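# Close look at the chain arrangement
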Amino acid sequence: MSELPTDVPAQSAKPTIFFDGVSSRRRQVTLVLGDALEILEEGGTPVVWPYTDIRRADSPAGILRLACASAPTLARLEIRDALLASDVTARCVRLDEHQTSRRSVAKIVGWSMAAAVSIVCVVLFGVPLAADRLAPLVPKPIERRIGDASEVQVKTIFGRSVCDDAAGKAAFIKLVNRLRDAAGLDDDSMTAGVLPTPVPNAFALPGGKVFVLKGLLDKAESPDALAGILAHELGHLKHYDNMRGLIYNGGTSFLIGLLFGDVTGSSAVIFASRSVVEASYSREAETAADTFAIEIMHKLGRSPKPAAELMFRITGKEGGGLTSILASHPLTEDRLARMTKEGRPASGPPLLTDTEWQSLKLICGSGKI
């Protein structure tokens, strides 16, 4: 086998270009292939690159672009002559050592899959556990601030102002306060309102904010029907289901965003806020809220059956609506049967007088929305 010649100035019909990594000046050079690669510029100081330090850099077709581990980071040598490039690469035994190997690719893929599985496990098990533990521990001032932020989102979706008929507002507050007292919710800062939208729904936000949408109020035939649904929502509030869902959905959305590149977590804020309105609770949480509503109506001497009938009427007619009662409160015949079974003859005073009920029905005015 013939040996490669050494200490021979490498001449090329095509210029060899050198960037020293210190200035942006383009230098035309010749190469000497000796014990190390010497880069010569007329009138300049020779630059020596050990062959073991030379690495291939990204380059367009027809150009061999080289870097050197012992040279400035931005230093580059560009060889355009194919024969000269072949002579140089023959001496650079570690030319592609920094390139990703199949083994390293497999390692990267393996670690990436492990990270993805870890995030999925945290979403499925860690976040729900954290939400269960953290929800009751959120301080009241922070809960109210979260409620305020959620209220902004709610009013953006359903209308920026609550219905403001004075007599209707007084009747609604009276109804909510009776439910609150019976539920043992000691939050004196609880606020309530009716939003002017035809969607049939009701919800309680963190911080004691209770909202009914006019579509539900229009379909309610008695104060007991509306009260039973509100009592169900207060059950979620009492059991911290709203806060738990907010923590769970926000954390889950953040982790999924992290997995797919949304490292700012911006989608988590939007998703978590919307989840308060479009909440979907577990079967256990729904059953507990139903039990709570039944107990509150019994304390007030009223029957939970009208609320069940109202929800069943809505789900039967509007089951496909994403923001209907069905979306956030899946009501089966079993639930209707349960509340019907728990129905009792009224033993307490009416929750509202006929006049108050009519005022509440007209809280948004008598016109169509």
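Since we're looking at a predicted model, the values are computed, not measured.

## As for the sheet that holds strand 10 (residues 202-205)
Strand order in the open sheet made by the 3 strands is 9-11-10, with mixed pairing throughout. With one partner strand each, in any of the chains shown, strand 9 (191-195) and strand 10 form the two edges of the open sheet. Going across the sheet, the axis of each strand differs from the next one's by a mean of 15°, ignoring polarity. Taken together, the 5 bridges between strand 9 and strand 11 (residues 209-213) define a ladder with parallel strand orientation. Bridged to Leu-195 within strand 11 is Leu-213.

## Let's talk about the environment of Gly-147
Position of Gly-147 among the secondary structure elements: in helix 3 (residues 140-158). By relative accessible area, Gly-147 is classed as buried at 0%. Taking the C-alpha atoms as reference points, Gly-147 and Gly-207, separated by 60 residues in sequence, lie 5.1 Å from one another. When near neighbours in sequence (up to four residues on either side) are disregarded, Gly-147 contacts Leu-205, Pro-206 and Lys-209.

## Let's talk about the packing of aromatic side chains
Across all of its chains, the model carries 2 aromatic pairs by this definition. Centroid distance Phe-18 to Trp-49: 5.9 Å. Interplanar angle 70°. Geometry classified as edge-to-face. One end of the pair, Phe-18, is in strand 2 (residues 16-19); the other, Trp-49, is in strand 5 (residues 47-49), with 31 residues separating them in the sequence. The exposure class assigned to Trp-49 is buried, which follows from its relative accessible area of 2%. Judged by centre distance (6.2 Å) and plane angle (45°), the rings of Phe-203 and Phe-211 are tilted. Pair check on accessibility: Phe-203 and Phe-211 agree, each one buried.

## With respect to the environment of Ala-192
Structurally, Ala-192 can be placed in strand 9. Look at Ala-192 and you get partly exposed, because its relative accessible area is 29%. The spatial distance from the C-alpha of Ala-192 to the C-alpha of Val-176 is 7.2 Å, given a sequence separation of 16 residues. Residues within four places of Ala-192 in sequence aside, it is in contact with Phe-172, Val-176 and Val-210.

## Examining the confidence of the model for the chain
Of all residues in the chain, 72% attain a pLDDT of 70 or more, and the chain-wide mean is 78. Under a pLDDT of 50 for its full length, residues 1-5 has, in the predicted model, 4 contacts with residues more than four places off or in other chains. Contacts for the low-pLDDT stretch residues 258-279, under 50 throughout, to residues beyond four places or in other chains number 34 contacts.

## So, the state of the cysteines
What the rule picks out here adds up to 1 disulfide. Bridging Cys-163 to Cys-364, the disulfide has an S-S length of 1.7 Å. Taking the sign of the torsion about the S-S bond as the criterion, the disulfide between Cys-163 and Cys-364, at about 85°, is right-handed. Note that Cys-163 is positioned in the loop between helix 3 and helix 4 (166-183) and Cys-364 in the segment after helix 13 (354-361), a separation of 201 residues in sequence. Exposure remark for Cys-163: the relative accessible area of 6% places this residue in the buried category. Of all cysteine sulfurs, the one in Cys-68 lies closest to Cys-92, which takes part in no disulfide; the gap is 9.2 Å. Its relative accessible area of 4% is what places Cys-92 among the buried residues.

## Comments concerning the pattern of salt bridges
All told, the structure shown has 15 salt bridges when counted by the stated rule. Linking Asp-181 and Arg-180 is a salt bridge whose minimum nitrogen-to-oxygen distance equals 3.3 Å. Here Glu-309 and Lys-305 are joined by a salt bridge, their closest N and O atoms 3.8 Å apart. Of this pair, Glu-309 and Lys-305 are both found in helix 10 (residues 305-318), 4 residues apart, which corresponds to roughly one turn of the helix. Residues joined by salt bridges that share partners form a network here, namely Asp-20, Arg-25, Arg-27 and Glu-41.

## Brief notes about the packing of helix 4 against helix 6 (residues 223-238)
Here helix 4 crosses helix 6 at 50°, and the two axes come no closer than 10 Å. Looking at the two axes, helix 4 sits oblique to helix 6. The handedness of the crossing between helix 4 and helix 6 is right-handed. The segment helix 4 lies against helix 6, with Phe-172, Leu-175, Val-176, Leu-179, Arg-180 and Ala-183 engaging Leu-226, Ala-227, Leu-230, Ala-231, Leu-234 and Lys-238. Classifying every residue of the contact of helix 4 with helix 6 by side-chain character gives 10 nonpolar, no polar and 2 charged.

## A short note on helix 9 (residues 283-299)
Given 3.6 residues per turn, any residue in an α-helix points the same way as the ones three and four places further on. For helix 9, spanning 17 residues, the distance from its first C-alpha to its last is 24 Å, which sits close to the expected 24 Å at 1.5 Å a residue. Just beyond helix 9, the residue with positive phi is Gly-301, at close to 75°.

About the cut-offs
- Residues numbered from 1 in each chain as written.
- Predicted model: local features only at pLDDT ≥ 70, side-chain atom pairs only at ≥ 80, totals over all residues.
- Heavy atoms only, no water.
- Pairing = 2+ DSSP bridges.
- Helix = DSSP H or I, 4+ residues; strand = E, 2+ residues; numbered from the N terminus.
- Axes fitted to C-alpha atoms, helices over the stretch in contact; angles between N-to-C directions.
- Buried < 20%, exposed > 50% of the residue type's maximum accessible area, 1.4 Å probe, protein only.
- Contact = heavy atoms within 4.5 Å.
- Phe/Tyr/Trp six-rings, centres within 6.5 Å; stacked < 30°, edge-to-face > 60°.
- pLDDT = per-residue confidence, 0-100.
- Disulfide = S-S within 2.5 Å.
- Salt bridge = Lys/Arg side-chain N within 4 Å of Asp/Glu carboxyl O.
- Parallel < 35°, antiparallel > 145°, perpendicular 65-115°, else oblique.
- Left-handed = near helix turned anticlockwise from the far one by under 90°.
- Nonpolar A, V, L, I, M, F, W, Y, C, P; charged D, E, K, R; others polar.
- Expected span 1.5 Å × (residues − 1).

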